[in-house]
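Survey of secondary and tertiary structure
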Amino acid sequence: MDEVFAANRAELCGTVTAAPVFSHESRGLRFFTFPLETLRLSGTPDTLNVVLREDFVRCQPLEPGRRVRVAGELRSFNNKSGVGSRLVLTVYTRELTDADGEPDDNHISLTGAICKTPCCRVTPMGREICDIILAVPRRYRRSDYIPVIAWGAQSRALADAPVGTKISVRGRLQSRAYTKVIDGRSEQRRAFEVSAADVFAV
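Residues numbered from 1 in each chain as written. Predicted model: local features only at pLDDT ≥ 70, side-chain atom pairs only at ≥ 80, totals over all residues. Heavy atoms only, no water.

Our next topic: the side chain of Arg-66. Within the element layout of this structure, Arg-66 appears in the loop between helix H2 (54-59) and strand E5 (67-78). Using a relative accessible area of 17% as the deciding quantity, one classes Arg-66 as buried. Within the structure, Arg-66 has its side chain in polar contact with the side chain of Gln-60 (distance 2.9 Å). Of the polar contacts made by the side chain of Arg-66, one reaches the side chain of Asp-98; its length is 2.6 Å. Not counting chain neighbours up to four residues away, the residues in contact with Arg-66 comprise Gly-14, Thr-15, Val-16, Gln-60, Pro-61 and Asp-98. (Helix = DSSP H or I, 4+ residues; strand = E, 2+ residues; numbered from the N terminus. Buried < 20%, exposed > 50% of the residue type's maximum accessible area, 1.4 Å probe, protein only. Polar contact = N/O pair within 3.5 Å; in protein donor to acceptor, adjacent residues only side chain to side chain. Contact = heavy atoms within 4.5 Å.)

Set out below in structure tokens:
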């Protein structure tokens, strides 16, 4: 198995909510993006960004309401346009299949190194939470920088982890709306992060 793919695996199953639109071009290939909605067990929806090559779009028209399963990798990039979130997470598609009748699914598996001092706090509801940034290796000596949140006992275990600590994370990719105040004006934005169900030392 490809070592990079083994360190970064994403599998989603959900509903297409809008048709793909052109995203960018790289190495002579055109890429498109579309939003995929997956439901948590609580029924709360997460709307996630999926990126795929043009040949996927040509072979399988993606219309709103279509149920699909996406397997690939979780990618990050810095949005320097000044519009929207600064750090953007997308699922890069390696496989795309129909998923009629299948339940929603959202699984992320990452192995990497903590690259920023963990930040721990207690939520207004009294839950312990720890924010980390995980550097996950990609091809060509690049890395994806993925925000991860851990809860409870796992957050306490990560609280004193030094930068460079290698861990594996299993969890789900989730979206979260928040309000950003710029020059006195409120602007609605959306953040993406991996909510960890399990964390293991490597």
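Following the structure, the description resumes.
Along any regular strand, the residues point their side chains to alternate faces of the sheet. Note: strand E1 (residues 8-16) against strand E3 (residues 29-39), two bridges, orientation antiparallel. By the bridge assignment for E3, Thr-15 is matched with Glu-37. In the sheet, strand E2 (residues 21-26) pairs with E3 via five bridges, with the strands oriented antiparallel. Looking at E3, one finds that His-24 is bridged to Phe-31. Here nine bridges tie E3 to strand E4 (residues 45-53), and the two strands are oriented antiparallel to one another. By the bridge assignment for E4, Glu-37 is matched with Thr-47. In sequence, E3 turns back onto E4 through a hairpin of five residues, with Gly-43 there showing a positive phi of about 95°. (Pairing = 2+ DSSP bridges.)

Counting residues in hydrophobic clusters, the biggest one holds 35 residues, and the most contacted among them are Leu-74, Leu-173 and Val-194. Considering every element that reaches this core, the biggest residue donor is strand E9 (residues 128-138), with four residues. Each residue touching Leu-173, except ones within four places of it in the same chain, is listed here: Asp-46, Leu-48, Leu-74, Leu-89, Val-91, Asn-106, Ile-108, Phe-192, Glu-193 and Val-194. (Core = buried A, V, L, I, M, F, W, Y, C linked by side-chain atoms within 4.5 Å.)

So, about the pattern of salt bridges. If the charged atoms of two oppositely charged side chains come close together, the side chains can form a pair. A complete count under the given rule lists 17 salt bridges for this structure. We note a salt bridge from Glu-11 to Arg-69, for which the minimum N-O separation is 2.7 Å. Here Glu-11 is found in strand E1, whereas its partner Arg-69 is found in strand E5, with 58 residues between them in sequence. The class for Glu-11 is partly exposed, based on a relative accessible area of 31%. In this structure Arg-69 comes out as buried when scored by relative accessible area, which is 16%. (Salt bridge = Lys/Arg side-chain N within 4 Å of Asp/Glu carboxyl O.)

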